[in-house]
Every structure is written in C-alpha cells, then in structure tokens.
Amino acid sequence: MRMRATLTATAVAAAGTLGLVAAVPAQAAEYSSALKIKGVQYDAPGKDSNKCSGGNTKDEYLTIKNYSRTATVNLKGYVVKDAAGNRFTFKSSHKLEPGDYVKLRGGRGTDSDAKNVVYRQNCNFIWNNDKDTIYFVKPSGSRADVHSYTKSKNDRDGNGYITFHK
C-alpha cells in the first residue's frame, strides 16, 4: 500500500509540474529565427512630412539583421507589419549573409544590396511616434520576431531610435 501511495504522489507532483510549465506565457520565449529586428527609427528626425517629394519618410526605417554565423537567408516572402495592420512584403530576392543587415526605409527609392537598403515604395509613415508593435513574419507565416515599444519607456534619449538586438 505504501508503494502505491508513493507512486500516486509522484504522478500528481509530475502532473502539477507539467501544468506549471504549460502556464508560462508564449511571449516569454525568444523566436527561433536567424533574422531579427535589430532596431527601429520609429520617429524620423524633423517635422513629419509624408510627401513623396521633399518628405522625410525615408528617414524612418527598420533594421533587420542576420544573426546566423553560417546561413545566408533570403528575405523574399518575409512580411513586416504594425499593430494597425500596415504591412510590407519583401517581393524580390534580397539575400543577407551571416552578420549582414538591411534597412527597410519608407519613401520611394532604388533597392540596393550594396547599400543594404530596401524601400517600401510608399510615402506614408508606418510606425507610430508614441507606441506601436512591430511584427516580422517568415514566409511560412510563423513569427520571426516581435517587439512592442512606447516612446516614454523605450526611447530614453528621445532620438526616435530603439535598439532591440545588438
């Protein structure tokens, strides 16, 4: 009888431990992706102007970096979006070597592997100046990286740039 009570107590303890593990929030885990959001210039310097000619949407950008030590990753099919559903899909091939990065800029311009830049070809700002959430989604639909920010909490020096990963 004593053996059965010990086994039952062990099973109950194990079940309780499993319940605690399942209760850990999913957002506490780091996403498994070589590509991550290094940082965001969410507030372009100067007065916001989304005019295609003479505006400063090109000065708002998201930096995406390949943190892999060995794998080259193609950005084609990756999606960047905000909390309101504004989105950009990398439609062309753009390969990032290990340690390489790309700046996804607003405004219109010519994409360049040599200059590490891709333009959204849209003169509207995508990131809010007070707070927002940035979603970086793999072509499969799974999340590569997600970051929320608030100006008051995350941008202590007030320069409009926040670093998420070094």
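Everything numeric in this text was worked out from a predicted model, so none of it was measured. (Residues numbered from 1 in each chain as written. Predicted model: local features only at pLDDT ≥ 70, side-chain atom pairs only at ≥ 80, totals over all residues. Heavy atoms only, no water.)

> For this particular structure, what's the right way to read empty space enclosed by the protein?
To find the voids left in a structure, one rolls a probe of water-molecule size over its atoms. Going through the model one piece at a time under the given rule, you end up with 1 cavity of 30 Å³ or more. Each pocket or cavity is described by its volume, and for the largest cavity that value is around 30 Å³. Lining the largest cavity, in full, are Glu60, Tyr61, Leu62, Leu104, Arg105, Gly106, Arg120, Ile126 and Trp127. Among the elements of the structure, strand S2 (61-66) and strand S7 (101-105) are those that each provide at least two residues to the lining of the largest cavity. Considering only residue class, the lining of the largest cavity consists of 5 nonpolar, 1 polar and 3 charged. (1 Å grid on protein atoms, 1.4 Å probe; cavity = no way out; pocket = protein on both sides within 12 Å on 5 of 7 lines; lining within 4 Å. Points joined across faces, edges and corners; volume = space filled by probe spheres on them. Helix = DSSP H or I, 4+ residues; strand = E, 2+ residues; numbered from the N terminus. Nonpolar A, V, L, I, M, F, W, Y, C, P; charged D, E, K, R; others polar.)

> Can you help me understand the side chain of aspartate 82 in this one?
Looking at where aspartate 82 falls in the secondary structure, it is placed in strand S4 (residues 79-82). Arginine 120 provides the closest opposite charge to the buried, salt-bridge-free aspartate 82, at an N-O distance of 8.6 Å. In this structure the side chain of aspartate 82 is engaged in a polar contact, spanning 3.0 Å, whose partner is the backbone nitrogen of glycine 85. A polar contact of 2.7 Å, which involves the side chain of aspartate 82, links it to the backbone nitrogen of asparagine 86. With sequence-adjacent residues up to four places away left out, aspartate 82 is seen in contact with Ile126, Trp127, Asp132, Thr133 and Tyr135. (Buried < 20%, exposed > 50% of the residue type's maximum accessible area, 1.4 Å probe, protein only. Lys, Arg positive; Asp, Glu negative; His and termini not counted. Salt bridge = Lys/Arg side-chain N within 4 Å of Asp/Glu carboxyl O. Polar contact = N/O pair within 3.5 Å; in protein donor to acceptor, adjacent residues only side chain to side chain. Contact = heavy atoms within 4.5 Å.)

> Mind showing me how you'd approach the state of the cysteines here?
Should the sulfur atoms of two cysteines be covalently bonded, the bond is a disulfide. With the rule as written, the count across this model stands at 1 disulfide. Put simply, cysteine 52 and cysteine 123 are joined by a disulfide, and their sulfur atoms are 2.1 Å apart. Because the sign of the S-S torsion sets the handedness, a value of about 120° for the bond joining cysteine 52 and cysteine 123 places this disulfide among the right-handed ones. Of this pair, cysteine 52 sits in the loop between strand S1 (35-41) and S2 while cysteine 123 sits in the loop between strand S8 (117-119) and strand S9 (131-137); the two residues are 71 residues apart in sequence, bridging distant segments of the chain. (Disulfide = S-S within 2.5 Å.)

> What is the right way to look at the sheet that holds S1 in this model?
In a beta sheet, neighbouring strands pair by backbone hydrogen bonds and run either parallel or antiparallel. The mixed open sheet is built from 5 strands, whose spatial order is S8-S7-S2-S1-S11. In this open sheet, the two strands that pair with only one neighbour each are S8 and strand S11 (161-163). Shown here is a sheet whose adjacent strand axes are inclined to one another by a mean of 25°, direction ignored. Pairing of S1 with S11 involves 3 bridges; the strand directions are antiparallel. The partner of glutamine 41 across the bridge, within S11, is tyrosine 161. (Pairing = 2+ DSSP bridges. Axes fitted to C-alpha atoms, helices over the stretch in contact; angles between N-to-C directions.)

> Explain the side chain of histidine 94 here, please?
Within the fold, histidine 94 resides in the loop between strand S5 (87-89) and strand S6 (95-96). Looking at histidine 94, the relative accessible area reads 5%, which means it is buried. A distance of 2.7 Å separates a polar atom in the side chain of histidine 94 from a polar atom in the side chain of aspartate 113. Beyond its immediate chain neighbours, meaning those up to four positions away, histidine 94 contacts Val73, Asn74, Leu75, Val102, Ser112, Asp113, Val117 and Val118.

> Just to check I follow, could you spell out the environment of lysine 153 for this structure?
You can see lysine 153 is positioned in helix H2 (residues 151-154). Between the C-alpha atoms of lysine 153 and aspartate 130, which are 23 residues apart in sequence, the distance is 10.0 Å.

So yeah, pure geometry; function would need other evidence.
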